[in-house]
Amino acid sequence: MKHASRILSVYSSDTAGVASMLYELGGMTVIHDASGCNSTYTTHDEPRWYQMDSMVYISALTENDMILGNDEKLVKDVCRTAKELSPAFIALCASPMPAMTGTDLNAIGEEIREKTLLPVFPIRTNGMDCYLKGASEALLAYLEHFCREDVQKTRELSVNILGATPLDFSVNGTVEAVRKFLMEEGFRVVSCMCKGSSPGEIASAGAAQVNLAVSSCGLAAAEYLWKRFGTPFVAGVPLGIGYAKRLAGELKKAAETGENLYSCLRRHVPDERAKAPVILHEGVFASSLCCALEEDFHTEANVIAPKMLTPFLRKEEDPSPECEDLLAELFAKAGTVFADPFYKAIVPEDVPFVSLPHEAFSGRCFRRENKVLAARKIPDWRKIC
Amino acid sequence: MLERIGGKTLPETAEISIGQASFPAPFETGLEYNMPARGHWNIVHSAMLVPGLHQIYACARGCLRGVILTAGEMTAMDRMSFVTLEEEDFFSGRMEDSVIQGATHILEQLEKKGMLPPAVMVVLSCVQLFAGVDFPYILESLRQRFPKTDFIDGYMHPTMRKSGLTPDQVMRRQIYAPLKACPRNGKCVTLIGSDHAFPPTADHVAFLKKNGFAVRELASCGSYAEYLRLAESFLFVTNIPPARHAGESLAKRLGRRELYLPVSYSFSEIRHSLLLLAEALEVPPPSPEEFAEKEERAEKALQQAKERIGDAAITIDHTATFRPLSMARLLLEHNFRVTKIHADAFAGEEKEDFLFLKEHHPSLLLSSPTHPAMRFAGKGGSENRGRTLAIGQGAAYFAGTPFFVNRIADSSLFGFDGIFRLAEEMKKAWETPSLTEQTIQIKGLGCRSCLI
């Protein structure tokens, strides 16, 4: 049954992706919504909410405003808040109600831009798509507005990290481990988008010699920077020991040759009858973990690319189930399942399960057990299952 | 009033003295901020009180996530399912069929496992209701397919929160929807609407028991059969404003009496409520000696709390109580130094207290917890210079204090006993610092949580 789920969770929405990607950049993200989008995002999707101030708000939409087309209220409220709080930019996105009625956020954005003289970018969301789409479009829009043209490529080896948000990498130190690994490999990290870098660093992204897309939501930005600055990109997360080394080598090669590489897709797909492990996580991360298992344990694994998790960087052979029932069938055939603990409910008891918490799926429920796998030895799951 | 907080200026639109404020909504509406205090219950928590009830939400992904993860954090995913609404559903004309087929599939799976629930709440959201979905048809179809299950219509429609009953009010009504007409029990009273069971010491519970009445509450029900027996009572009593509609509509539907005894921190209002209860029960009211004894107990507790807390600033937020003005008035009249109330609006029944405070304590600050500038006022800001006692999680967050009464929605407080217990909790909170950040971020205070 395509849209029904008996016991699983649901991935974060596009609006959460927008807010998460832009969180640290000093702007104001306004979700045109009545109420729930804000509390859901700040409770389940945003681990930085308590400690790090960021201007993410809802418009507090009401049915009357919707029926009467009271867009003026949104314009007025956004302008008033912008005047009071002086954000660096304003991002607007829509929840299901305005998406359904066709609220023209582009026109509203234009009006706000004229009144506030601030950069305003509406991002096309509907509250029904996946966070990856929202995060991807938000990053792209931000780069289009703020990436400086007048920068020189660095002389030393340098890199931008693209597509890092807590939705895929939590706040457990993974992004910092990736950054540290790259520095140890001789890269200067120009920026990390968008976790741990200042707007000024991101504005200088064109200076990097190569880009590393660590999630599917960094790919559109990678292609954009390639077109605009000729910066080649590599897709992958440096997980484990062997694959991290391989990825570092591929990054250096890309910097030299100028050729793009979907590194994490350079993996073997096991024979269908092999009872191989299956991995379910965000696409670049899941494929990178496959590569890591191949390099460090000589084990081939499959990636599952669920339809509800799109855009998803995947190989053609990766199954893309549409619903809980089909997922359960794939899990039943697996040798081991690596997935978020919420998936365990549909994994047969005799199939070993390895917990791979994914904040975009289970929020903060399993944050405490979310381990750093970047640039370090991956625990041998065969000994713990 | 301008105040430098966290490097940002808190604008005049975010805080106002009560002397200058208007009732019931002192602040202009606008963009809204969401503070990281999560103890208040949402519609999922409330519906989970019905034993065995399974919730099926049919909504867009963005709306689903909050409710699904509420259940997830409660470790109750086995009682929660969903049907996702996709953009194509808007245009296909199959909105009803999509919900019916999805819910049927989920329930068939549960049936196969021998886990068909006694009751199912199907919850629709703003967009479907806005599009005029035929909800009765959905429910009727499901009833025909699963005749042994009670189906309840649930609503997650925050766009309607200012133009009718709020989702919270509707949910508090709907969780009693399966109750059916049955013979009346003249010695039994049901308390409607509270998320937490009242202790036997609560004034109304103690009075009922003393006079030989059995007391029933949803929060105490251990089984669906026990839940259905809530309908037997001859009298339904409600205490909190958002449950009043639930009590009234249930009483009307089942042909029972309903009595609203509002939670209050006013001695005279409490006295009046107990007299009303006695009248409804047709029993003698508490004697003057009984009243005096209860009042003295509460007074003494307040006095002891004051001795310990002294002149420290006290702040109150709207998630702690439905009557923040009544609570502030009580404390100010007992010489506590209440400095601020965090609330965007007040219930109609707070008007008298509002006018009293406006006249006698005009400098008392009202602060809008949802104002965008409050983003920069959390974790203490400039207020953290002295020790503050906060009542409520939001007040604790904004004051950045570890000294706070961890309480939501007046839960289980009623009458003089409620005042006594509040004073005891204030005293304890002042003496025992809490881990504010860890504590207030747990959803649904009192519910099971995987985060603890």
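Residues numbered from 1 in each chain as written. Chains lettered and ligands numbered in written order. Predicted model: local features only at pLDDT ≥ 70, side-chain atom pairs only at ≥ 80, totals over all residues.

1. What to know about the overall build of chain B
Looking only at helices and strands, one finds 17 helices and 16 strands in chain B. In summary, chain B has a C-alpha radius of gyration of 23 Å against a globular reference of 22 Å for 452 residues, a match within 12%. By principal-axis analysis of the C-alpha atoms, chain B measures approximately 65 × 60 × 40 Å. Across the 452 residues in chain B, those meeting the buried criterion constitute 53%. Considering only contacts within chain B whose residues lie at least 6 apart along the sequence, 73% involve residues at least 24 apart. (Helix = DSSP H or I, 4+ residues; strand = E, 2+ residues; numbered from the N terminus. Rg over C-alpha atoms; globule rule 2.2 N^0.38 Å. Buried ≥ 20, exposed ≤ 12 C-beta atoms within 10 Å, placed from the backbone. Contact = placed C-beta atoms within 7 Å.)

2. Here's the deal with the environment of B:V123
Residues and elements named next belong to chain B. Relative to the helices and strands, V123 is located in strand β6 (residues 119–125). Take V123: there are 26 C-beta atoms within 10 Å of it, and that puts it in the buried class. Ignoring anything within four residues of it in the chain, the contact list for V123 reads Q55, I56, Y57, A58, G154, Y155 and M156.

3. Topic: the domain arrangement of chain B
According to the domain assignment, chain B consists of domain 1 (3–37 + 299–440), domain 2 (51–174) and domain 3 (185–281). The gap between the C-alpha centroids of domain 1 of chain B and domain 2 of chain B is 36 Å. (Domains from an automatic or database assignment.)

4. Considering the nonpolar core
Generally speaking, nonpolar side chains in soluble globular proteins are found buried as a group. Ranked by internal contacts, the top residues of the largest apolar core, which has 268 residues, are A:L139 and B:A58. Top element by residues in this core is helix α7 (residues 131–146) of chain A. It accounts for nine residues. Among residues more than four places away in sequence, those in contact with B:A58 are B:F82, B:V83, B:L85, B:V99, B:G102, B:V122, B:V123 and B:L124. (Core = buried A, V, L, I, M, F, W, Y, C linked by C-beta atoms within 7 Å.)

5. As for helix α13 (residues 324–333) of chain B
Residues and elements named next belong to chain B. Burial analysis of α13 places eight of its ten residues in the buried class, the great majority of the element. Turning to α13, its buried residues number three or more, namely P324, L325, S326, M327, A328, R329, L330 and L331. Along its buried surface, α13 packs onto β12 (313–317), β13 (337–342), α14 (351–360) and α16 (415–431). The first or second residue beyond α13 is N335, which carries a positive phi of 70 degrees.

6. Here's the deal with the sheet that holds strand β7 (residues 188–193) of chain A
Think of a sheet as strands paired side by side through backbone hydrogen bonds, with each pair either parallel or antiparallel. All names here are of chain A. With parallel pairing, the four strands of this open sheet are ordered in space as β7-β6-β8-β9. With one partner strand each, in any of the chains shown, β7 and β9 (233–235) form the two edges of the open sheet. Strand-to-strand twist in this sheet, taken as the mean axis angle between neighbours without regard to direction, amounts to 20 degrees. (Pairing = 2+ DSSP bridges. Axes fitted to C-alpha atoms, helices over the stretch in contact; angles between N-to-C directions.)

7. Description of the pairing of strand β7 (residues 150–156) of chain B
Residue and element names in this part refer to chain B. Along β7, six of the seven residues are buried, which leaves the element largely enclosed by surrounding structure. Here β6 runs beside β7; their pairing, made up of seven bridges, is parallel. Bridge pairing in β7 links V122 to D153.

8. Focus on the packing of α13(B) against α14(B)
All names here are of chain B. Interaxial distance between α13 and α14 falls to 8 Å at its minimum, and their mutual angle equals 45 degrees. The angle between α13 and α14 places the two elements in the oblique class. In this structure, α13 meets α14 at a crossing whose hand is left-handed. Between α13 and α14, the residues in contact are L325, S326, A328 and R329 and D353, F354, F356 and L357, respectively. For the contact of α13 with α14, the class distribution of residues is five nonpolar, one polar and two charged. (Parallel < 35°, antiparallel > 145°, perpendicular 65-115°, else oblique. Left-handed = near helix turned anticlockwise from the far one by under 90°. Nonpolar A, V, L, I, M, F, W, Y, C, P; charged D, E, K, R; others polar.)

9. What about the interface of chain A and chain B?
Across the contact, 55 residues belong to chain A and 56 residues belong to chain B. Breaking the side of chain A that touches chain B down by element, the ones donating at least two residues are β1 (4–5), α2 (36–45), β3 (55–58), α3 (63–68), α4 (71–85) and α5 (96–101) of chain A. When residues of the side of chain A that touches chain B are assigned to their parent elements, the largest contribution, eight residues, is made by α2(A). Looking at the side of chain A that touches chain B residue by residue, the class counts come to 25 nonpolar, 23 polar and seven charged. Bridging between β1(A) and strand β5 (residues 80–84) of chain B involves two bridges; their strand directions are antiparallel. Residue pairing across strands places A:S5 opposite B:F82, the latter belonging to β5(B).

10. A look at helix α14 (residues 324–333) of chain A
All names here are of chain A. Along α14, the residues classified as buried are E324, L327 and F331. The arc that holds the buried residues of α14, viewed along the axis, is 60 degrees, so those residues lie on one side. Considering only its buried residues, α14 is in contact with β1, β10 (277–279) and β12 (336–339). (Arc of directions from axis to C-beta.)

11. Considerations on the domain arrangement of chain A
Residue and element names in this part refer to chain A. Split by domain assignment, chain A resolves into domain 1 (14–146), domain 2 (158–264) and domain 3 (272–384). Computed from C-alpha coordinates alone, the two centres of domain 1 and domain 3 are separated by 32 Å. Looking at the side of domain 1 that touches domain 3, the elements with two or more residues in it are α2 and α7. At four residues, α7 tops the list of elements feeding residues into the side of domain 1 that touches domain 3. Looking at the side of domain 1 that touches domain 3, its residues break down into four nonpolar, two polar and two charged.

12. A closer look at the confidence of the model for chain B
Residue and element names in this part refer to chain B. With 96% of its residues at a pLDDT of 70 or more, chain B shows a mean pLDDT of 93. Low pLDDT, under 50, characterises residues 1–7; the stretch is placed with 17 contacts to residues that sit more than four places away or in other chains. Confidence metrics for the complex model read pTM 0.95 and ipTM 0.96. (pLDDT = per-residue confidence, 0-100.)

13. Quick notes on the sheet that holds strand β4 (residues 90–94) of chain A
Residue and element names in this part refer to chain A. Reading across from one edge, β3-β2-β4-β5 is the order of the four strands in this open sheet, with parallel pairing throughout. Because the sheet does not close on itself, it has two edges, and the strands there are β3 and β5 (120–123). Strand-to-strand twist across the sheet, computed as the mean angle between neighbouring axes with direction ignored, equals 20 degrees. Relative to β4, strand β2 (residues 28–32) is paired through five bridges, and the arrangement is parallel. If you follow H32 over to β4, its bridge partner there is A94.

14. Observations regarding the packing of α2(A) against helix α2 (residues 61–73) of chain B
In contact at an axis separation of 9 Å, α2(A) and α2(B) are set at 50 degrees when each is read in the N-to-C sense. One finds that α2(A) runs oblique with respect to α2(B). In the packing of α2(A) onto α2(B), the handedness of the crossing is left-handed. Facing A:G36, A:C37, A:S39, A:T40 and A:H44 of α2(A), the residues of α2(B) in contact are B:G62, B:C63, B:R65, B:G66 and B:L69. A breakdown of the residues in the contact of α2(A) with α2(B) according to their chemical character gives three nonpolar, six polar and one charged.

15. A few points about the environment of A:R179
Residue and element names in this part refer to chain A. Position of R179 relative to the elements: it lies in helix α9 (residues 174–184). When the 21 C-beta atoms within 10 Å are taken as the criterion, R179 is described as buried. Sequence-wise, R179 and P238 are 59 residues apart; in three dimensions their C-alpha atoms are separated by 9.9 Å. Ignoring anything within four residues of it in the chain, the contact list for R179 reads I161, V189 and C192.

16. Side note on the pairing of strand β6 (residues 158–162) of chain A
All names here are of chain A. Counted residue by residue, β6 has five buried out of five residues, so it is predominantly covered. Here β6 shows no split at all, with S158, N160 and L162 on one side and V159 and I161 on the other all buried. Bridging between β6 and β7 involves five bridges; their strand directions are parallel. In the strand pairing of β7, L162 is matched with M193. Relative to strand β8 (residues 210–213), β6 is paired through four bridges, and the arrangement is parallel. Counted as the bridge partner of N160 is N211 from β8.

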